Amino acid sequence: MRIIEVESYEKLSALAADIIGAQVLIKPDCVLGLATGSSPLGTYSNLVKRYEAGLLDFSRVRTVNLDEYCGLKGDDPQSYRYFMDTNLFNKVNVKKENTNLPDGSAGDMEAESERYEALVEALGWPDLQLLGIGQNGHIGFNEPEDTFPTKVHTVKLTESTIKANSRLFDKPEDVPTHAITMGIGAIMKAKRVLLIAGADKAEIVERAFRGPVTPQVPASILQLHRDATVIFSRA
Ligand code: GLP
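These figures come from a predicted structure and were not determined experimentally. (Residues numbered from 1 in each chain as written. Predicted model: local features only at pLDDT ≥ 70, side-chain atom pairs only at ≥ 80, totals over all residues. Heavy atoms only, no water.)

1. Focus: the overall build of the protein
Then, in step 1: What the protein contains, in helices and strands, is seven helices and ten strands.
Then, in step 2: In terms of overall size, the protein behaves like a compact globule, its C-alpha atoms giving a radius of gyration of 16 Å where 235 residues would be expected to give roughly 18 Å.
Then, in step 3: By the burial criterion, 54% of the 235 residues in the protein qualify as buried.
Then, in step 4: Put simply, 77% of the contacts in the protein that link residues at least 6 apart link residues at least 24 apart.
Then, in step 5: Put simply, the protein shows about 10,400 Å² of open surface, and 52% of that area lies on carbon and sulfur atoms.
Then, in step 6: Charge separation in the protein, taken as the distance between the mean sites of 26 positive and 32 negative side-chain charges, equals 6 Å. (Helix = DSSP H or I, 4+ residues; strand = E, 2+ residues; numbered from the N terminus. Rg over C-alpha atoms; globule rule 2.2 N^0.38 Å. Buried < 20%, exposed > 50% of the residue type's maximum accessible area, 1.4 Å probe, protein only. Contact = heavy atoms within 4.5 Å. Areas by Shrake-Rupley, 256 points an atom, 1.4 Å probe, with all protein chains shown as cover. Lys, Arg positive; Asp, Glu negative; His and termini not counted. Charge placed at Lys NZ, Arg CZ, Asp CG, Glu CD.)

And the structure:
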């Protein structure tokens, strides 16, 4: 795996947008695996700027997002669907019907997990999967466990993840306790993986990518991916 260190969040965001933009240029109908959180915000705004400048065309791109909170409808401002719509999808020419996230408000989450797994497989797995990393090493919402969960599944979020995510909610009790996430299988089947991490993730980046591969640090599995790039910003 490649670990690229840059000196600022701006450089991280520009480089990540270069890599994603190149993917769209090389394969206009590519499948982009996308992520939410604070880390990709700069990447998405760079992609929007390039689209507005006429440099990128998303009209044939298909997208699959990693995860969604359980219990939130897509029009809830805290949902990941809302995040993606407002930060990227509504600002570029991707067709809404080509954008996919798990449905956190589905009545039967087991059926929803099977539906989403089958959908990602039918799309041929992501050509490029963008990832952030949680303070405990989670990717998507694959939390530290005894084994690597392979398929789409629902998870009970750990206390540390709920605490980290509470900054984005008005009241701590509003933070969802469960989520639905792509498994490690789909992430490992992505043809390329791009993980972005800011300076606040220095410790977990060290553990995940310079330490042993273990399901207790889920991102560590990326050491075994055939084409993984980590962009880490020192500031
Ligand atoms: C959430 C998301 C992850 C994301 C992580 C880090 O838990 N499910 O996909 O990588 O947060 O988020 P941030 O980039 O805001 O630190």
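2. Brief notes about the site of the ligand
Then, in step 1: Lining the immediate surroundings of the ligand are 14 residues, of which S38, S39, D67, H138 and K201 lie closest.
Then, in step 2: Note that an oxygen atom of the ligand is positioned 2.7 Å from one of the backbone N or O atoms of S38.
Then, in step 3: Note that an oxygen atom of the ligand is positioned 2.8 Å from one of the side-chain N or O atoms of R167.
Then, in step 4: Contact with the protein chains hides 93% of the accessible area of the ligand, taken as 390 Å² for the molecule alone.
Then, in step 5: In a pocket analysis with a 2 Å cut-off to the grid points, the ligand is assigned to the largest pocket. (Near = heavy atom within 4 Å. Polar contact = N/O pair within 3.5 Å; in protein donor to acceptor, adjacent residues only side chain to side chain. 1 Å grid on protein atoms, 1.4 Å probe; cavity = no way out; pocket = protein on both sides within 12 Å on 5 of 7 lines; lining within 4 Å. Sits in = over half its atoms within 2 Å of the grid points.)

3. A closer look at the packing of helix 1 (residues 9–26) against helix 2 (residues 41–52)
Then, in step 1: Viewed as axis vectors pointing N to C, helix 1 and helix 2 meet at an angle of 55°, and their least axial separation amounts to 8 Å. By the angle class used here, helix 1 and helix 2 are oblique. In this structure, the crossing between helix 1 and helix 2 has a hand that is right-handed. Judged by residue contacts, Y9, S13, A14, A16, A17, D18, I20 and G21 of helix 1 engage L41, G42, T43, N46, L47 and R50 from helix 2.
Then, in step 2: Of the residues assigned to the contact of helix 1 with helix 2, the class counts are seven nonpolar, five polar and two charged. (Axes fitted to C-alpha atoms, helices over the stretch in contact; angles between N-to-C directions. Parallel < 35°, antiparallel > 145°, perpendicular 65-115°, else oblique. Left-handed = near helix turned anticlockwise from the far one by under 90°. Nonpolar A, V, L, I, M, F, W, Y, C, P; charged D, E, K, R; others polar.)

4. A look at the layout of surface pockets
Then, in step 1: The volume enclosed by the largest pocket comes to roughly 740 Å³.
Then, in step 2: At the level of secondary structure, the elements contributing two or more residues to the lining of the largest pocket comprise helix 1, strand 4 (67–69), helix 3 (80–87) and helix 5 (159–165).
Then, in step 3: A per-class count over the lining of the largest pocket returns 17 nonpolar, 17 polar and four charged. (Points joined across faces, edges and corners; volume = space filled by probe spheres on them.)

5. A closer look at the sheet that holds strand 9 (residues 192–197)
Then, in step 1: Read from one edge of the open sheet, seven strands run 1-10-9-6-2-3-5, paired in parallel fashion. A single partner strand is all that each edge strand has here, and the edge strands are strand 1 (2–6) and strand 5 (99–100).
Then, in step 2: Pairing geometry for strand 9 and strand 10 (residues 228–233), over five bridges, is parallel. Pairing of I196 across the sheet is with I231, part of strand 10.
Then, in step 3: The sheet contacts of helix 1 involve strand 1, strand 2 (31–34), strand 6 (128–131), strand 9 and strand 10, and relative to strand 9 the element is tilted by about 165°. (Pairing = 2+ DSSP bridges.)

6. Considerations on the pairing of strand 6
Then, in step 1: Both faces of strand 6 are covered, namely the face carrying L128 and L130 and the face carrying Q129 and L131.
Then, in step 2: Strand direction decides the pairing type here: strand 2 and strand 6, joined by two bridges, are parallel. By the bridge assignment for strand 6, L32 is matched with L128.
Then, in step 3: In this structure, strand 6 lies alongside strand 9, joined through four bridges in parallel fashion. Along strand 9, the bridge assignment pairs L131 with L195.

7. Structural notes on the pairing of strand 9
The two faces of a sheet get side chains in turn, since along a regular strand they alternate between them.
Then, in step 1: Burial within strand 9 is extensive, with five of its six residues counted as buried.
Then, in step 2: Handedness of the β-α-β unit built from strand 9, helix 7 (residues 202–210) and strand 10 comes out right-handed. (Right-handed = clockwise from strand over helix to strand, strands pointing away.)

8. Concerning the side chain of Q23
Then, in step 1: In this fold, Q23 is placed in helix 1.
Then, in step 2: Apart from the residues lying within four places of it in its own chain, the contact partners of Q23 are C30, L32, D127, L128 and R192.

All we've got here are geometric facts, nothing functional implied.
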